[in-house]
Amino acid sequence: MSDISKRLLFWLVLLMFFVFIIIGWNLCNPDSRHVSYTYFLSSLNKNQIKKVHINGNDISFVKKNHSKYTTYIPIYDNKLLNNLLSHHITLSGIEPRKTNIMLSIFISWFPTLLLIGVWFYFMKQVKNNVGRGSRSFGKSKTRIFTDDKVTVTFKDVEGCDEAKEEVSELVEYLKEPEKFQKLGGKIPKGVLMIGPPGTGKTLLAKAVAGEAKVSFLTLSGSDFVEMFVGVGASRVRDIFKHARKIAPCIIFIDEIDAVGRQRGSMFGGGHDEREQTLNQMLVEMDGFDSNKGIILIAATNRPDILDSALLRPGRFDRQVVVSLPDLRGREKILQVHMKNVPLASDVDPRIIARGTPGFSGADLSNLVNESALCAARLNHKSVSMLDFETAKDKIIMGSERRSMIMTEQQKEFTAYHESGHVIIGRLVPEHDPAHKVTIVPRGRALGVTFFLPESDIISISREKLESQISTLYGGRIAEELIYGINKVSTGSMNDIQVATTLARNMVTKWGFSEKLGPLLYTENSDDSSFFSTTFNGSKYISDDTSRIIDQEMKALIEKNYHRSKKLLRDNLDILHAMKDALMEYETIDSVQIDDLMNRKTIRNYTR
Ligand code: ADP
Ligand code: ZN
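What you see is a predicted model, and the numbers here were worked out from it, not measured in a lab.

Can you walk me through the overall build of the chain in this structure?
From N to C terminus, the chain includes 20 helices and 14 strands. For the chain, the residues scored as buried account for 44% of the 607 residues in total. Only carbon and sulfur atoms are counted for the fraction: they give 57% of the accessible area of the chain, which is about 33700 Å².

Mind showing me how you'd approach the nonpolar core here?
In a soluble, globular protein the nonpolar side chains are often hidden away together inside. The biggest cluster of nonpolar side chains holds 41 residues, and the ones touching the most others in it are Ile469, Met578, Ile588 and Ile593. Taken together, the elements giving at least two residues each to this core come down to helix 15 (408-427), strand 12 (434-438), helix 16 (462-483), helix 17 (493-508), helix 18 (543-570), helix 19 (572-585) and helix 20 (590-597). If one sorts the elements of this core by residue count, helix 19 sits on top with seven residues. The contacts of Ile588, once residues within four sequence positions are left out, are His435, Lys436, Val437, Met578, Ala581, Leu582, Ile593, Leu596 and Ile602. The next biggest cluster of nonpolar side chains, apart from the first, holds 29 residues, and it includes Ile187, Val191, Val208 and Phe252.

Any chance you could explain the coordination of the zinc ion (ligand 2) here in plain terms?
In an ideal octahedron of six donors the angles at the metal are 90 or 180 degrees, and in an ideal tetrahedron of four donors they are 109.5 degrees. The zinc ion (ligand 2) binds to the protein through His417 (NE2), His421 (NE2) and Asp495 (OD), with metal-donor distances spanning 2.0 to 2.1 Å. Ordering the donors of the zinc ion (ligand 2) by residue number gives the pattern H-x3-H-x73-D. Of this pair, His421 sits in helix 15 while Asp495 is found in helix 17, placing the two residues 74 residues apart along the sequence. By relative accessible area, which is 12% here, Asp495 ends up buried.

How should I be thinking about empty space enclosed by the protein in this particular structure?
The gaps left among the atoms become clear once a water-sized probe is rolled over them. Considering all chains together, one arrives at two cavities of 30 Å³ or more under this definition. In this structure, the second largest cavity encloses a volume near 30 Å³. Taken together, Leu327, Arg328, Arg350 and Tyr585 make up the lining of the second largest cavity. The class makeup of the residues in the lining of the second largest cavity is two nonpolar, no polar and two charged.

Looking at this structure, how should I read the sheet that holds strand 1 (residues 33-34)?
By definition, the strands of a sheet pair up through backbone hydrogen bonds, in either a parallel or an antiparallel sense. Spatially, 1-4-3-2-5 is the arrangement adopted by the five strands of the open sheet, whose pairing is mixed. Only two strands of the sheet have a single neighbouring strand rather than two, namely strand 1 and strand 5 (90-94). Sheet topology places strand 2 (residues 49-55) next to strand 3 (residues 58-63); six bridges connect them, and they run antiparallel. Residue pairing for strand 3: Val52 is matched across the bridge by Phe61. Across the face of the sheet, helix 2 (residues 37-45) comes into contact with strand 2, strand 3 and strand 4 (68-72) while running at roughly 40° to strand 3.

Even after reading the chapter, I still don't get the packing of aromatic side chains, so can you show me in this structure?
What characterises a pair of aromatic rings is the spacing of the ring centres plus the angle enclosed by the ring planes. Applying the stated criterion to the full structure yields 13 aromatic pairs. Ring geometry for Phe10 versus Trp11: centroids 5.4 Å apart, planes at 70°, classification edge-to-face. Its relative accessible area of 52% is what places Trp11 among the exposed residues.

I'm lost on the pairing of strand 3 in this one. Help?
A regular strand carries its side chains on alternate faces of the sheet. Taken together, strand 2 and the strand that follows it, strand 3, pair antiparallel across an intervening segment of two residues, in which Gly56 is found at a positive phi of about 65°. One ladder, built from five bridges, connects strand 3 with strand 4; its direction is antiparallel. Directly across from Phe61, in strand 4, lies its bridge partner Tyr69. Following strand 3, the chain reverses through four residues before pairing antiparallel with strand 4; His66 in that reversal takes a positive phi of roughly 70°.

Honestly, helix 15 in this entry has me stumped. Any pointers?
Because an α-helix packs 3.6 residues into every turn, residues spaced three or four apart end up facing the same way. Taking 1.5 Å per residue, 20 residues should reach 28 Å; helix 15 reaches 28 Å between its end C-alpha atoms and fits that length. Burial of helix 15 is extensive: 14 of the 20 residues sit out of reach of the surface.

I keep staring at the environment of Ile59 and nothing clicks. Help me out?
With respect to the helices and strands, Ile59 occurs in strand 3. Sequence separation of Ile59 and Gly93 is 34 residues, and the distance between their C-alpha atoms is 8.9 Å. Non-local contacts of Ile59, meaning those with residues more than four positions away in its chain, are made with Tyr37, Phe40, Val52, His53, Ile54, Tyr69, Thr70, Thr71, Ile73 and Leu80.

Would you mind showing me how to read the site of ligand 1 here?
In the vicinity of ligand 1, 15 residues are found, and the nearest of them are Glu158, Gly198, Lys201, Thr202 and Leu203. Measuring from an oxygen atom of ligand 1, one finds a backbone N or O atom of Gly200 at 3.1 Å. Alone, ligand 1 offers 560 Å² of accessible surface; in the complex the protein occludes 79% of this. Of all the secondary-structure elements, those providing two or more residues to the shell around ligand 1 are helix 7 (201-212), helix 11 (327-338) and helix 13 (361-377).

Would you mind showing me how to read the side chain of Lys189 here?
Relative to the helices and strands, Lys189 is located in the loop between helix 6 (177-182) and strand 7 (190-194). The charged side chain of Lys189 is buried without a salt bridge, its nearest counter-charge being Asp286 at 4.9 Å. A polar atom in the side chain of Lys189 sits 2.8 Å from the backbone oxygen of Met285.

Whenever I open this one, the side chain of His417 confuses me. Can you help?
As for its position among the elements, His417 is in helix 15. Within polar-contact distance, the side chain of His417 engages the side chain of His421 at 3.1 Å.

Sorry, what's going on with the pattern of salt bridges here?
Pairs may arise between side chains of opposite charge once their charged atoms sit close together. Taken as a whole, this structure holds 25 salt bridges when the rule is applied. With a closest N to O distance of 3.6 Å, Arg244 and Glu284 form a salt bridge. Taken together, the residues Arg244 in helix 8 (residues 231-246) and Glu284 in helix 10 (residues 272-287) connect sequence positions 40 residues apart. Residue Glu284 is classed as buried on the basis of its relative accessible area of 10%. Its salt-bridge partner being Lys464, residue Asp432 comes within 3.2 Å of it at the nearest N-O pair. With Asp432 in the loop between helix 15 and strand 12 and Lys464 in helix 16, the pair connects residues that are 32 residues apart, well separated along the chain. Ionic contacts of the salt-bridge type, sharing partners, join the residues Arg330, Glu408, Lys411 and Glu586 into one network.

What's the story with the packing of helix 16 against helix 17 in this structure? I'm lost.
Helices that pack against each other are described as a pair by the angle of their axes relative to one another and the distance between those axes. Two elements in contact, helix 16 and helix 17, have axes whose closest approach is 9 Å; the angle formed by their N-to-C orientations is 155°. Taken together, the axis directions place helix 16 and helix 17 in an arrangement best described as roughly antiparallel. The interaxial crossing formed by helix 16 with helix 17 has left-handed handedness. Together, Arg462, Leu465, Glu466, Gln468, Ile469, Leu472, Tyr473 and Arg476 of helix 16 and Asp495, Ile496, Val498, Ala499, Thr500, Leu502, Ala503 and Met506 of helix 17 make up the contact between the two elements. By residue class, the composition of the contact of helix 16 with helix 17 is 10 nonpolar, two polar and four charged.

Explanation requested: the packing of helix 15 against helix 18 in the structure shown.
Where helix 15 meets helix 18, the axes come as close as 10 Å, and the angle between the chain directions of the two elements is 100°. As summarised for this structure, helix 15 and helix 18 are arranged roughly perpendicular, according to the angle between their axes. Of helix 18, the residues touching helix 15 (which contributes Gly420, Ile423, Ile424 and Leu427) are Ser564, Leu567 and Leu568. For the contact of helix 15 with helix 18, the residue count by class is five nonpolar, two polar and no charged.

Rules behind the numbers
- For every chain, the first residue of the written sequence is number 1, and numbering continues from 1 along that sequence.
- Whichever chain is written first becomes A and whichever ligand is written first becomes 1, with later ones labelled in order.
- Local features are withheld for residues below a pLDDT of 70 in this predicted model, meaning they are given only at 70 or higher, and side-chain atom pairs are given and counted only at 80 or more; totals for whole chains, interfaces and linings count all residues.
- Derived side-chain values reflect all non-hydrogen atoms in the structure, with water molecules and hydrogen atoms excluded from consideration.
- The helix count covers DSSP runs of H or I at least four residues long, the strand count covers runs of E at least two residues long, and both are numbered beginning at the N terminus.
- To sort residues, take the accessible area from a 1.4 Å probe on protein chains only and compare it with the maximum for the residue type: under 20% means buried, over 50% means exposed, and anything in between is partly exposed.
- Each accessible area is a Shrake-Rupley estimate made with a 1.4 Å probe; only the visible protein chains count as cover when residues are assessed.
- Among buried residues, the Ala, Val, Leu, Ile, Met, Phe, Trp, Tyr and Cys ones that are joined through side-chain atoms within 4.5 Å form a nonpolar core.
- When checking whether two residues touch, look at their non-hydrogen atoms; a contact exists if any pair is within 4.5 Å.
- Atoms are scored as donors when they are N, O or S and lie within 2.8 Å of the metal, with 3.2 Å used for Na, K and Ca; no water is included, so coordination may look incomplete.
- Buried and open spaces are told apart on a 1 Å grid over the protein atoms alone, a cavity being a set of points where a 1.4 Å probe fits but cannot get out and a pocket being an open set with protein on both sides within 12 Å along at least five of seven lines. Residues with an atom within 4 Å of a point are the lining residues.
- Grid points are joined across faces, edges and corners, and a volume is the space filled by probe spheres set on the points.
- The nonpolar class holds Ala, Val, Leu, Ile, Met, Phe, Trp, Tyr, Cys and Pro. Asp, Glu, Lys and Arg form the charged class, and all remaining residues, Gly among them, are polar.
- Strands are treated as partners if at least two bridges between them are detected by DSSP.
- Axes here mean lines fitted to C-alpha atoms, for a helix over just the part in contact, with angles spanning 0 to 180 degrees between N-to-C directions.
- Aromatic rings from Phe, Tyr and Trp, with only the six-membered ring used for Trp, were paired whenever their centres fell within 6.5 Å, and each pair was classed as stacked if the ring planes differed by under 30 degrees, edge-to-face if by over 60, and tilted otherwise.
- Here the expected length of a helix is defined as 1.5 Å per residue gap, with one fewer gap than residues.
- Working definition: residue near molecule or strand if any one of its non-hydrogen atoms lies within 4 Å of it.
- Here a polar contact is recorded for every N or O atom pair within 3.5 Å, except that within protein the pair must consist of a potential hydrogen donor and a potential acceptor, and residues adjacent in sequence are included only if both atoms are side-chain atoms.
- His is not counted here, nor are the chain ends, while Lys and Arg score as positive and Asp and Glu score as negative.
- Should a side-chain nitrogen of Lys or Arg be within 4 Å of a carboxyl oxygen of Asp or Glu, the pair is scored as a salt bridge.
- Oblique is the label for any angle not covered by the other classes, which are roughly parallel (under 35 degrees), roughly antiparallel (over 145) and roughly perpendicular (65 to 115).
- When the near helix sits turned anticlockwise from the far one by under a right angle, the crossing is termed left-handed; a clockwise turn instead gives a right-handed crossing.

Encoded structure:
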């Protein structure tokens, strides 16, 4: 049912309701009292009545004291007329109201009819939504946005080159599925894009569709979560049915965490509807054949709360991280959006990029737009640097609560912290080399140092573990050396947590303590993960032993802490140089780190 007819129906019902009330009110005529026929006759005989009005069998009469009454003639009384006339009463009357019968039937039935009508309407709705054979794809409330002619291409997405590279193979799959099928390869079904809002996840998914020239189906995870159980699941069915019809295509689900939360987790408190929707999605994902050219792309910024069933092989097993753009990325994004704006000659995207750390792609697009509006307000012919400055201030003020946008000081602080990690990582023995370090915020971390390899740890030597502990404290020590002990921040919490867990495991699980010997001092031996933070061994450990464990852990950590401190103090010049490089480029890679460690001028090349 369209919106207009729905609104019309609403007003009609309202109107009828009022008519009903007014008629009913008039009929019961509140200022006259209903009395028995006997009372009427006795009043008549006592000569108390002044006026009588007859309407069929209904009589209304007025007594001489002006009070009004109504009554009803129970049997045919042929003496009544003479009786009335003999008392000299003003007599009036009308023909019995024939139409009134219809009206009164209508009135008495109206509420019932209304109820039945409403009931039918809802039944139809539910049928539409739940019914397996629902023909009414467009009629059901599902807001699916289909775009057959996507014009977005990879050229429009900048600042996330790694993500772009990872999804570019999807384009080939969609273009020539046969090529991959021939060799028996399985085309991926689902890709999960992870990243903060506004970093271009939707845009990237669209660009894949645009490059492969396929249709783009989009909808949001929150569309699925409905009041009626079963509606979400039926929508999932609808979408996949539609997708099969128009394949090859891309189905893009924004905010998948709205449906895909861990089942039975405390978040939703066992939300039946969401669970059914999620189950339906899993069933559909298992059922469709990606070789037909349907690829599911979902976006989220909370991958940690997703149900693990969604991430299993054959479902969203590909994960693409779309992170906030670094300096070079921001410059390129600005260039993309500046194409549609007349620029003054003084505008330099590089300078603007430098002044906007922590801005997402959407923020930058907004910045260009605001600047253009600002220039238009002042009747300028082109957008100048000053307009950009004004717009930037406006955006930063407006988003004060957002922790993502960093000040220069924060940037510098983070640069020193991360450099500390990198330098120690390079100087201690057996440590994995840092291959990239960035001060672009990611998740809740202000900066990240990436060490290779990041996974596949099966067994580690004691020396390597100690090196890891040293490196973990590198960040905190750098803060301390540069800013003094009073300025050390809480930003090292995670580092400390990991280091402490490592030390505890070294002492209690891996037998690296001379005093305690190679014994297991923990209960849950199945917990073999190196970085597990759970420790549940206190039950079988005496107080004395527990004290020794603490001492041994502390000694281990202190030893490595002081090693780090010495190393960093001896290489303060590198620390400063690396900070400068990070302030300049925001992200530096292993080649540039090599240069810095060798005290050479840093290579600047286009990555
Ligand atoms: P997300 O889906 O990650 O929340 P969107 O893809 O909806 O973000 O981005 C919103 C808008 O911001 C896009 O339409 C685009 O104009 C701009 N934008 C975001 N990221 C980029 C980028 N990497 N390159 C160019 N423009 C971007
Ligand atoms: Zn750190």
